Amino acid sequence: MLQTFLSNKPLFYAEIDYERFPRVYKKIESNFKSLKNIHIVGTNGKGTTGRFLASALHHIGFSVGHYTSPHILKFSERVWLNGASVEDDVLSNAHKKLQSLLSNEDSDSLSYFEYTTLLAMLIFNECDFVVLEAGLGGERDATAVFDKCLTLVTPISFDHEAFLGSSIEEIATTKLNAIQNSAIIGYQNHKEVYEIAQNMGVAKSLNIYSVDELLNDDDFKKIETITKELSLAKYLSQNLSLAISVLNFLGIKYETDDFKNPPLFGRVTKLTENIIIDVGHNALAASAIVEALDGEKRIVVYNSYRDKNYTEILKILKPIISRVEIIEVDDSRIAEVKLIQNALDDLEIKHGVFMEINKEQKYLVFGSFSVVETFLKKYFNKENSVAE
């Protein structure tokens, strides 16, 4: 019922009425409890930072919801409650509740992401904390309508330029404008982000902190221990640091055992000894995976959306590519195969069409959530377990 309903909705609207969603939310606002919402904005790392934080808070003893997107295999991955994706009957009941609150006109006006944001927040009504991940925006994202006790800013870089702007200054300003009172700025690759945050903090009387301001020597020792135990890539360790800085900001004591769970599935995840999957889909993610693999050559199973700078992404990945095998993905947003092949030819990267896994070869499945989803559903041995 819910899946059928959502399948008829656009993910986002190309022509956006920025006041439409706030107007709809205002009508039903009284049905959402005032919670300790921790809002996460940024380009990369929102999902893993959020899951590190949500898992730790839950292990410490709090009731916690984590809203993330998109999903890989099942919609319920987006709505994590106290250690697991929500059950289908919980989603169904929340859908019925939300339909009873909205007029037909308002329900029809909402995009997929807007509707599912309201759905998740209804489910989280009894939580002590909600870790709320923005979609692709910041100040005008559907998640921004909710009051928040803190905003986290993960690395900001180029992505979704058609929506967010063509410069780091524009993109960062859009995302940082979501800050309400206090924020922690995660490790950034572009110094402009720090400068804009500092200026915004002064102009709006905001409490802006950097990660390192909220960490001490004991924290760094714990981060090193957790990083080794979970075999975290550098960027995942940095996301862990941001999550721990939140606990210190909130005055919540923690131990390394509170971070015993691995990061969110699909982020440098080793499926087998010869297969790694990663849902990265922009230049920043490509740089992170190159650093994580440290020069190790792999066959890259790849495809890309039309609006991504796949030439730049493949150029960054080139040092770890032995060859690229293009996987067929059934999605209207996917780029023409010939265009990707032309880019590979220009970069002098060997390529072909992906058909099957050779157990004697090492693979990296990379390109987007759709690429990883297609690989898992069509090609990955279903007898292998896939962690939640």
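Everything in this summary refers to the structure shown in the same document. A quick note: this is a predicted structure, and the numbers were derived from the prediction, not measured. (Residues numbered from 1 in each chain as written. Predicted model: local features only at pLDDT ≥ 70, side-chain atom pairs only at ≥ 80, totals over all residues. Heavy atoms only, no water.)

Looking at the packing of aromatic side chains
The following threshold applies: To pair, rings of Phe, Tyr and Trp, with the six-membered ring standing in for Trp, must have centres within 6.5 Å; the planes then decide the type, stacked if under 30 degrees apart, edge-to-face if over 60, and tilted in the middle. Helix and strand assignments come from DSSP, with helices taken as H or I runs of at least 4 residues and strands as E runs of at least 2, each series counted from the N terminus. Note on classification: 1.4 Å probe, protein chains only; a residue is buried when its accessible area is under 20% of the maximum for its type, exposed when over 50%, partly exposed between these limits. Definition used: whenever NZ (Lys) or CZ (Arg) falls within 6 Å of the ring centre and also within 35 degrees of the ring normal, the charge is taken to sit over that ring.
One pass over the full model with this rule turns up 10 aromatic pairs. A centroid spacing of 4.9 Å and a plane angle of 65 degrees characterise the contact between Tyr25 and Phe146, whose relative ring orientation is edge-to-face. With Tyr25 in helix α2 (residues 20–28) and Phe146 in the loop between β5 (129–133) and β6 (150–153), this pair connects stretches of sequence that are 121 residues apart. The exposure classification of Tyr25 matches that of Phe146, with both residues buried. Taken together, the ring pairs connect Tyr25, Phe32 and Phe146 into an aromatic cluster. Across from the ring centre of Tyr254, 4.4 Å away, lies the NZ or CZ of Lys222, which sits over that ring.

A word on the pattern of salt bridges
Convention followed: One side-chain nitrogen of Lys or Arg within 4 Å of one carboxyl oxygen of Asp or Glu is enough to make a salt bridge.
Counted under the stated rule, the structure contains 15 salt bridges. Close ionic contact of Glu291 with Lys234 constitutes a salt bridge, the shortest N to O distance being 3.7 Å. One end of the pair, Glu291, is in helix α12 (residues 283–293); the other, Lys234, is in helix α11 (residues 234–250), and 57 residues separate them in sequence. The class for Glu291 is partly exposed, based on a relative accessible area of 46%.

Notes on the side chain of Asp278
To keep things clear, this is the line we draw: Think of a polar contact as two N or O atoms within 3.5 Å of one another; within protein, one of them needs to be a possible hydrogen donor and the other a possible acceptor, and neighboring residues in sequence only count if both atoms come from side chains. Should any heavy atoms of two residues lie within 4.5 Å, those residues are counted as being in contact.
Within the secondary structure, Asp278 is located in strand β10 (residues 275–278). Within polar-contact distance, the side chain of Asp278 engages the side chain of Tyr235 at 3.4 Å. If we skip the residues at most four places from it in the chain, Asp278 touches Tyr235, Gly266, Arg267, Val268, Ile289, Leu364, Val365, Phe366, Gly367 and Val372.

A closer look at the sheet that holds strand β14 (residues 363–366)
We count it as follows: Criterion used throughout: strands pair if DSSP finds at least two bridges between them. All axes here are fitted lines through C-alpha atoms, helices being fitted over the stretch that makes contact, and every angle between N-to-C directions spans 0 to 180 degrees.
Read from one edge to the other, the open sheet built from six strands follows the order β9-β10-β14-β11-β12-β13, with strand pairing classed as mixed. Each edge of the sheet is formed by a strand with only one pairing partner; in this case those strands are β9 (269–272) and β13 (351–353). The average undirected angle you get between the axes of adjacent strands in this sheet is 25 degrees. For β9 and β10, the ladder comprises three bridges, and the chain directions are antiparallel. When the bridges of β10 are listed, Thr272 appears paired with Ile275. Against the sheet, α12 engages β10, β11 (298–302) and β14, with an angle of about 160 degrees to β14. With respect to the sheet, helix α15 (residues 369–378) is in contact with β9, β10, β11 and β14, its orientation differing from that of β10 by roughly 140 degrees.

Digging into unusual backbone geometry
Between Ser69 and Pro70 the backbone carries a cis peptide bond, its omega angle lying at -10 degrees. Checked against the element boundaries, Pro70 lands in the loop between β2 (64–67) and β3 (79–81). With phi around 45 degrees, Val268 is a residue other than glycine that occupies positive phi space. A relative accessible area of 23% means that Val268 is categorised as partly exposed.

Looking at helix α9 (residues 191–204)
Defined as follows: Between the first and last residue of a helix there are one fewer steps than residues, each counted as 1.5 Å, and that sum is the expected span. Taking the helix axis as origin, the arc is that swept by the directions to the C-beta atoms.
Spanning 14 residues, α9 covers 20 Å between terminal C-alpha atoms, matching the ideal 20 Å at 1.5 Å per step. Burial in α9 covers these residues: Val193, Ile196, Ala197, Met200 and Gly201. Projection of α9 onto a plane perpendicular to its axis shows the buried side chains occupying an angular sector of 135 degrees, all on one side. What points out from α9, more than 90 degrees from its buried face, is the exposed set Lys191, Gln198, Asn199, Val202 and Ala203.

In short, the description is geometric, and any link to function would need to be established separately.
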